[in-house]
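Letter by letter, the chains look like this.
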Amino acid sequence: MAPKSSDSQSNLLNQSDPTTNGSIDPVFHLVRILPYSVLRAPRLRLKLPSLSLPSPMTVFSLVLLTYFMVVSGIVYDVIVEPPGIGSTQDPVTGTVRPIVFMSGRVNGQYIIEGLSSGFMFVLGGIGIVLLDLALDKNRAKSVKVSYASAGVSSIVFSYVMSMLFIRIKIPAYLR
């Protein structure tokens, strides 16, 4: 027996598929042909909008802002809705004192605590960027020294403050 040709296979598909021209429904033919015999599709000359790429500084700023929001715990703040700052009552005088760090709770934070910690992390990252800028050979030596000293000082300051934050948060940490 000879193999069937592709034409006979396509005829079988046309007969089984009601959406093709081989349909026996007269209403289908009227709906399919009648509007297009009177109407024609308009010629549209639409221009696609051209999007220009953002500048590298814009991208860097958005990445830095996103990093700040992530390390500050914005997701935690939105889900849990902690207070902005805590308070405790002084047992001797009875006055209410503000507390910035939720001491003893590693998994909890006040909003100001998260923002200040996130700022210290971003400050350390900016210090690394300043150190990278200090390595540019096309800059004057005084500018390179300024970038390097600002970078080192911001990294050291952010490290010292982050360790202080951790010691306030966890009193017996690294002792």
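Cut-offs and rules
Residues numbered from 1 in each chain as written. Predicted model: local features only at pLDDT ≥ 70, side-chain atom pairs only at ≥ 80, totals over all residues. Heavy atoms only, no water. Helix = DSSP H or I, 4+ residues; strand = E, 2+ residues; numbered from the N terminus. Expected span 1.5 Å × (residues − 1). Patch = residues over 30% accessible without salt bridge, like charges linked within 9 Å, V, L, I, M, F, W, Y side chains within 5 Å. Areas by Shrake-Rupley, 256 points an atom, 1.4 Å probe, with all protein chains shown as cover. Salt bridge = Lys/Arg side-chain N within 4 Å of Asp/Glu carboxyl O. Buried < 20%, exposed > 50% of the residue type's maximum accessible area, 1.4 Å probe, protein only. 1 Å grid on protein atoms, 1.4 Å probe; cavity = no way out; pocket = protein on both sides within 12 Å on 5 of 7 lines; lining within 4 Å. Points joined across faces, edges and corners; volume = space filled by probe spheres on them. Nonpolar A, V, L, I, M, F, W, Y, C, P; charged D, E, K, R; others polar. UniProt positions renumbered as here; feature names shortened; annotations may be inferred. Pairing = 2+ DSSP bridges. Polar contact = N/O pair within 3.5 Å; in protein donor to acceptor, adjacent residues only side chain to side chain. Contact = heavy atoms within 4.5 Å.

Teacher, can you tell me more about helix H3 (residues 56–72) here?
Residues three or four positions apart in an α-helix share a direction because the helix packs 3.6 residues into each turn. Here H3 is 17 residues long and its end C-alpha atoms lie 24 Å apart, about the 24 Å a rise of 1.5 Å per residue gives. Where H3 terminates, the next one or two residues include Gly73, which has phi positive at roughly 85°.

When you look at a nonpolar patch on the surface in this model, what are you seeing that I'm missing?
Taken together, the side chains of Val106, Ile166, Ile170, Tyr173 and Leu174 define a hydrophobic patch exposed on the protein surface, amounting to about 420 Å² of accessible area. For Ile166, the position within the fold is in helix H6 (residues 141–169). The class of Ile166 is partly exposed, set by a relative accessible area of 30%.

How should the pattern of salt bridges be read in this particular structure?
Once their charged atoms are close, side chains differing in charge can pair, the charge on each being opposite to the other. In the structure shown here, the tally under the stated rule is 2 salt bridges. The shortest N-O distance in the salt bridge between Lys169 and Glu113 comes to 2.8 Å. With Lys169 in helix H6 and Glu113 in helix H5 (residues 111–134), this residue pair connects regions lying 56 residues apart in the sequence. Like Glu113, Lys169 is buried.

Please clarify how the layout of surface pockets should be interpreted in this entry.
Rolled over the atoms, a probe as big as a water molecule pinpoints where empty space is left. If you add up the space inside the largest pocket, you get close to 300 Å³. Contributing to the lining of the largest pocket are 16 residues, with Val106, Gln109, Glu113, Ser117 and Lys169 lying nearest its centre. Where the lining of the largest pocket is concerned, the elements lending two or more residues are H5 and H6. Residues that form the lining of the largest pocket fall into these classes: 8 nonpolar, 6 polar and 2 charged.

Looking at this model, I keep getting lost on the UniProt feature "transmembrane region" (unreviewed entry) in the protein chain. Mind explaining?
The UniProt feature table records "transmembrane region" (unreviewed entry) at residues 53–76, 110–135 and 147–168. Annotated as 92% helix and 0% strand, the span residues 110–135 places its first and last C-alpha atoms 39 Å apart.

What exactly am I supposed to notice about the pairing of strand E2 (residues 96–99) here?
The side chains of a regular strand alternate, first on one face of the sheet and then on the other. Two elements, strand E1 (residues 86–89) and E2, share 4 bridges in a ladder whose sense is antiparallel. Residue Gly86 lies in a different strand from E2, and its bridge partner there is Ile99. The turn joining E1 and E2, which pair antiparallel and follow one another in sequence, is formed by 6 residues; a positive phi near 85° is taken by Gly94.

Mind showing me how you'd approach unusual backbone geometry here?
The general pattern is negative phi for most residues beyond glycine and trans for most peptide bonds. Phi at Glu81 is positive, roughly 55°, even though this residue is not glycine. Summarising the element assignment, Glu81 is placed in the loop between helix H4 (74–80) and E1. In this structure Glu81 comes out as exposed when scored by relative accessible area, which is 63%.

Can you walk me through the side chain of Lys169 in this structure?
In this structure Lys169 comes out as buried when scored by relative accessible area, which is 10%. Within the structure, the side chain of Lys169 is placed 2.8 Å from the side chain of Glu113, a separation counted as a polar contact. Here Lys169 is in contact with Met102, Ser103, Gly104, Arg105, Val106, Gly108, Gln109 and Glu113, once residues within four sequence places are set aside.

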